[in-house]
Each structure stands twice: as structure tokens, then as C-alpha cells.
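Coordinates in review
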Amino acid sequence: MEVNIIRSNRKTIAIQVNPDCTVTVRAPKRIATRDIEQFVHEKEPWIRKHLAQMKERQAQNPPMEPQALTKEVLEELTARAKEYIPDRVAYFAKIVGVDYGRITIRHQKTRWGSCSSKGNLNFNCLLMRMPPEVIDYVVVHELCHRKEMNHSKAFWHEVEKVLPDYKRRRQWLKQGRSF
């Protein structure tokens, strides 16, 4: 099993099984390589279990067919998102009980959505390639940041109040459905 090690200014070691079935270990800069190797060895059953689960999910739900993201395709997705997403934001904002600022649609390389401290919402135009339930999850996720600007238990409780099945929708995005 190949393991990619990323060292940074962190205090703990973390293991991540990626949608492409690679393994990433994030570790403090000053920890010895042998300590990282020992940690990975101790966690090998966990890693193998999650790799098997990832492969099974991918076999059951193959990734979407790639579509050439030409300028024209991105413009069309952006136009569709500008018509669709603001209505979903308005609908769910009433349910969540929050207000919001400006809504921006753009082609983002690493995020499906974001919420600024001023309440401005950004959404990725590629959401228009997703099922409506997944788009709604991203909308609710960002609106709940108007109550909790973090990913604490309180934040996830707010999401769950609106979408009791949010974990299923969230998992859909994590199953290798990439940009």
C-alpha cells in the first residue's frame, strides 16, 4: 500500500483514505518517519477496511461521465445555476431562519460552496451537474454557516434539522464525484 505523507504545522497524525483509493497521512513536521510508519502499521486494519469500502462504493456508483469543460459549457452551467440556486437559497433560508447577502456563481476548483462572515454565498456552477438533492444539501450547508461559522456538532445539528438525510447527500459528494 502506497502512503503519501504530508508534513505541516499540526500536532497530531491523521490518516485519510481518498476517493481515488490512495492513502494520505498528515503529520507534524518534527515527528520521526519511523513513528509515522509505526502509526500507519497500527492503523493498517482500519485503512484496509476503508479502502475496501471506497472500492465497493465506486463499483456501485461509478463517477459521472466526464464532460469537456469548455468555456461554453461553463457559461451554460453558470447561467443555469444563476436561475436555479437563488430560488433554492430563498426557500431554504426561510426554513433555516437566516438571512444572507449576495449570491455569486462561479467555477471554483476546490469548493462546492462557501459562506463569508458577511453572509455572502458562493456556489460552484458545476453543482448543476449534480442531482437536485445534492444541490439542496450544499445550499443548506452554506446557509447553516449563517448560524455556525464552523463544522462543530452544533453546525451539523442545524443541517440535520433541515435535511435529516444530509449524511447520504454529503457522502454522494465524497464518493469520488470530483471537479
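Located above this text is the structure these notes cover.
Overview of the structure.

Cut-offs used in this document
- Residues numbered from 1 in each chain as written.
- Predicted model: local features only at pLDDT ≥ 70, side-chain atom pairs only at ≥ 80, totals over all residues.
- Heavy atoms only, no water.
- Helix = DSSP H or I, 4+ residues; strand = E, 2+ residues; numbered from the N terminus.
- Buried < 20%, exposed > 50% of the residue type's maximum accessible area, 1.4 Å probe, protein only.
- Contact = heavy atoms within 4.5 Å.
- Lys, Arg positive; Asp, Glu negative; His and termini not counted.
- Charge placed at Lys NZ, Arg CZ, Asp CG, Glu CD.
- Pairing = 2+ DSSP bridges.
- Axes fitted to C-alpha atoms, helices over the stretch in contact; angles between N-to-C directions.
- Salt bridge = Lys/Arg side-chain N within 4 Å of Asp/Glu carboxyl O.
- Core = buried A, V, L, I, M, F, W, Y, C linked by side-chain atoms within 4.5 Å.
- Expected span 1.5 Å × (residues − 1).
- Bend = angle between axes of the 7 residues up to and from the residue.

Describing the overall build of the chain
For the chain, the count of helices and strands is 6 helices and 6 strands. Along the chain, helices (α) and strands (β) appear in the sequence β-β-β-α-α-α-β-β-β-α-α-α when read from the amino end. In terms of overall dimensions, the chain has a C-alpha envelope of 55 × 35 × 30 Å along the principal axes. With 179 residues in all, the chain has 38% of them scored as buried. Considering only residue pairs separated by 6 or more positions, the chain has 52% of its internal contacts joining residues 24 or more positions apart. Side chains of the chain carry 33 positive and 21 negative charges; the gap between the two charge centres is 6 Å.

Looking at the sheet that holds strand 2 (residues 14–17)
The pairing of strands in a sheet comes from backbone hydrogen bonds and takes either a parallel or an antiparallel form. Read across the sheet, 3 strands follow the order 1-3-2 without closing on themselves; strand pairing throughout is mixed. Two strands in the sheet have a free side with no partner beyond their single neighbour: strand 1 (3–8) and strand 2. The average undirected angle you get between the axes of adjacent strands in this sheet is 20°. Bridging between strand 1 and strand 3 (residues 23–28) involves 6 bridges; their strand directions are parallel. Following the sheet pairing, S8 is matched in strand 3 by P28. Its contacts with the sheet place helix 1 (residues 33–42) against strand 1, strand 2 and strand 3, and it is angled at close to 130° to strand 1.

Some thoughts on the pattern of salt bridges
Here the structure, examined in full by the defined rule, presents 9 salt bridges. Between E76 and R80 there is a salt bridge whose closest N-O contact spans 3.6 Å. Within this pair, E76 and its partner R80 are both found in helix 3 (residues 71–96), separated by 4 residues, close to a single helical turn. Given the relative accessible area of 44%, E76 is considered partly exposed. In this structure, the salt-bridge partner of E158 is K161, at a minimum N-O distance of 3.3 Å. With E158 and K161 both in helix 5 (residues 153–162), this residue pair falls 3 residues apart, about one helical turn. Take E158: its relative accessible area is 14%, and that puts it in the buried class.

A few points about the nonpolar core
Membership of the largest hydrophobic core comes to 36 residues, with the highest contact counts inside it found for I85, F123 and L143. For this core, the elements supplying multiple residues, two or more each, are helix 3, strand 6 (121–124), helix 4 (132–144), helix 5 and helix 6 (166–174). Take this core: its biggest share by element is 9 residues, from helix 3. Ignoring sequence-local partners within four residues, the contact set of L143 consists of V89, F92, A93, V96, V98, Y100 and L121.

As for helix 3
At 3.6 residues per turn, the α-helix brings residues three or four places apart onto the same side. The first and last C-alpha atoms of helix 3 sit 35 Å apart over 26 residues, in line with the 38 Å expected at 1.5 Å per residue. Taken as a whole, helix 3 carries its principal kink of about 30° at A81. Contacts from the buried residues of helix 3 go to strand 4 (103–106), strand 6, helix 4 and helix 5. Downstream of helix 3 by one or two residues, G97 has phi in the positive range, about 85°.

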